[in-house]
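Coordinates in review
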Amino acid sequence: MSSDAEYDVDLFVIGAGSGGVRAARMAAAAGARVAIAEDRYLGGTCVNVGCVPKKLYSYAAHFHDSFDDAAGFGWHLDSPATFDWPTLRDNKTSEIKRLNGIYQRMLEGAGVTLFNARARVANAHTVTLTTADGEVNVSAEKILLATGGWPWVPEFPGSDLALNSNQVFDLDTFPKRFLVLGGGYIAVEFASIFNGLGSETHLIYRGDLLLKGFDQEVREFTRDEMAKKGVNLHFSTNIARIEQLPEGSLKVELTTGEILEVDAVLSATGRKANITGLGIESLGIALNDEGKLSVNERYETQVPSILALGDLTAGPELTPVALAEAMQLVDIHFHKKAPRPLDYATIPTAVFCHPNIGTVGLSEEAARDEFPKIRVYRTDFRAMKHTLSGSQERMLMKLIVDDASDVVVGAHMVGEEAGELIQGIAIAVRAGLTKEDFDRTIGIHPTGAEEFVTMRTPSRY
Ligand SMILES: Cc1cc2nc3c(=O)[nH]c(=O)nc-3n(C[C@H](O)[C@H](O)[C@H](O)COP(=O)(O)OP(=O)(O)OC[C@H]3O[C@@H](n4cnc5c(N)ncnc54)[C@H](O)[C@@H]3O)c2cc1C
Ligand SMILES: NC(=O)c1ccc[n+]([C@@H]2O[C@H](COP(=O)([O-])OP(=O)(O)OC[C@H]3O[C@@H](n4cnc5c(N)ncnc54)[C@H](O)[C@@H]3O)[C@@H](O)[C@H]2O)c1
């Protein structure tokens, strides 16, 4: 790359995932000369081994319930529905290829120079690319680290036989018996997916209740609903060892002594910052206690010309967070705007277990810690659809209100399409609306969602 300017480019982005691509495109649109390096797949984790394929598989798994529900409405399948894993897997792969192409065209269209190469930081203003033809240096006024995270698997005898979330999407054969280790997002989502697709499914969790950090009642309700759907939940236990049996299946011994025989084990035990070989240690960029990069409100690391965002930095590991940080970063560095720190307290999130969880703001427990007195409005019920389907699935909805100000500080839901529904509620919570505002909002009938504006009597204080 050559230019009369002091540096080859104004911005060099390492990692073309959610945050990196957004920052590169937006900086280029602001007139910056931008390059980006990606050594694996355009679109990063979300597009290739995260949100997108996960959601497609979650849709696939939901059909199981839909087929069951249909009979009460008069629909009958002539023969039992069968599931073909290669069709789902390969259709998913084609869709991801299509998305990879869209990302490439978006970057090219924005005038971003794309390197299909692994990158490392050589110094505060130089990126070294490892290409088939050897190493290439590119100088940059600013370097953005957007390399995301990588699945972490604990070590125990036979842990190499466990899959991580990157590997679970492309299995050659469908696991008739599936075991997942962990109690976080990925564990509950994949337990629901494989259970829905027809596997005998086990979830092994060291704690006594899944989804630590979520509202306690949401956690308990989700546990009960997942168990009703047939997921075998094993709490307060861990995997002691895994052995491969001669015919290929896996013998999993739990710390409780119980033995399970399965076809695949997924370790969904968290992710670590993806900094291997990135060269940041020698520049004095230190990791915080969580193993992530610390940045200031301008997204600058300890080396001011080196920026970072997304899963690599503190905060929730969510695609919309990486995207929002990218927009902020570009505003600050390329539109010269003052920093407007994101409101991390009201980031909504959904867990795509079955049924889904949607949540925004404070849990009941966190609100009790923060405010002298709260009001909790909650309801759980069987959705109208299930009066005919016969399904015993229930829905939980909850509003947490600061009693003194009447502001709704948390909203939680477990039920069909909770992820879709909570997005709108999140606007109200983010805006600091009061319970009276909710009460004055007219419901939409007949929906489950109307309960969010019709709960009148506190269930407890
Ligand atoms: C199974 C799963 C499901 C998920 N589901 C959801 C969901 O439903 N909703 C949601 O909001 N979030 C979800 N997430 C989280 C979401 O995917 C991440 O928060 C998001 O992708 C983070 O974006 P990022 O830009 O920080 O990093 P990434 O998207 O991880 O991108 C980093 C990119 O950098 C590249 N890279 C790394 N090192 C180098 C290097 N040295 N040189 C060149 N390139 C490099 C990587 O190959 C990668 O493409 C999920 C994650 C997983 C694992
Ligand atoms: N729907 C979504 O938005 C979505 C979906 C999937 C992932 N994600 C993001 O990706 C991140 C990573 O997901 P995740 O589920 O891997 O992480 P997580 O942090 O949510 O859960 C990790 C789980 O592994 C357990 N664990 C950790 N070490 C262990 C050990 N040594 N032995 C046994 N268990 C252990 C933890 O107790 C926890 O239950 C999430 O935090 C989330 O931000 C988001």
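Here the structure is a predicted model, which is why all the values come from computation and not from measurement.

So, how was this worked out
- Residues numbered from 1 in each chain as written.
- Chains lettered and ligands numbered in written order.
- Predicted model: local features only at pLDDT ≥ 70, side-chain atom pairs only at ≥ 80, totals over all residues.
- Heavy atoms only, no water.
- Pairing = 2+ DSSP bridges.
- Helix = DSSP H or I, 4+ residues; strand = E, 2+ residues; numbered from the N terminus.
- Axes fitted to C-alpha atoms, helices over the stretch in contact; angles between N-to-C directions.
- Contact = heavy atoms within 4.5 Å.
- Domains from an automatic or database assignment.
- Buried area = accessible area lost by both parts, 1.4 Å probe.
- Salt bridge = Lys/Arg side-chain N within 4 Å of Asp/Glu carboxyl O.
- Polar contact = N/O pair within 3.5 Å; in protein donor to acceptor, adjacent residues only side chain to side chain.
- Disulfide = S-S within 2.5 Å.
- Buried < 20%, exposed > 50% of the residue type's maximum accessible area, 1.4 Å probe, protein only.

**Here we look at the sheet that holds strand β8 (residues 177–181)**
Strand order in the open sheet made by the 4 strands is β10-β9-β8-β14, with parallel pairing throughout. Each edge of the sheet is formed by a strand with only one pairing partner; in this case those strands are β10 (232–234) and β14 (264–267). Between one strand and the next, the sheet's axes are offset by a mean angle of 20°, whatever the strand orientation. The strands that helix α5 (residues 185–197) touches are β8, β9 (200–204) and β14; relative to β9, the one it contacts most, it runs at about 170°.

**Here's the deal with the domain arrangement of the chain**
Per the domain assignment, the segments making up the chain are domain 1 (9–57 + 85–149 + 272–344), domain 2 (153–269) and domain 3 (355–453). A C-alpha centroid distance of 31 Å is found between domain 1 and domain 2. Counting residues at the interface gives 11 residues for domain 1 and 14 residues for domain 2. In terms of surface lost to domain 2, no three residues of domain 1 exceed K54, Y57 and W85, which account for 55% of the buried area on that side. K92 is paired through a salt bridge with D170; the nearest N and O atoms lie 2.7 Å apart. Counting across the interface, domain 1 meets domain 2 through 6 residue pairs in polar contact (both at pLDDT 80 or more). Those elements that place two or more of their residues in the side of domain 1 that touches domain 2 are α3 (51–70) and α4 (85–109).

**Considerations on the sheet that holds strand β17 (residues 349–351)**
Within a sheet, adjacent strands bond to each other through the backbone by hydrogen bonds, running parallel or antiparallel. Taken together, the 5 strands give an open sheet; going across it, the order is β17-β18-β21-β20-β19, and neighbouring strands pair in antiparallel fashion. The open sheet terminates on both sides in strands that have one partner only, identified here as β17 and β19 (374–381). Recorded for the sheet is a direction-independent mean angle of 10° between the axes of neighbouring strands. The pairing of strand β20 (residues 395–402) with strand β21 (residues 408–414) spans 6 bridges and is classified as antiparallel. Residue pairing for β21: M397 is matched across the bridge by M413.

**Some details on the state of the cysteines**
Enumeration according to the criterion identifies 1 disulfide in this entry. For C46, the disulfide goes to C51, at an S-S distance of 2.5 Å. Sign of the S-S torsion, about -135° for the bond between C46 and C51, identifies this disulfide as left-handed. The class of C46 is buried, set by a relative accessible area of 13%. Looking at the unpaired C353, the closest cysteine sulfur is the one in C51, lying at 15 Å. Overall, C353 belongs to the buried group, its relative accessible area being 0%.

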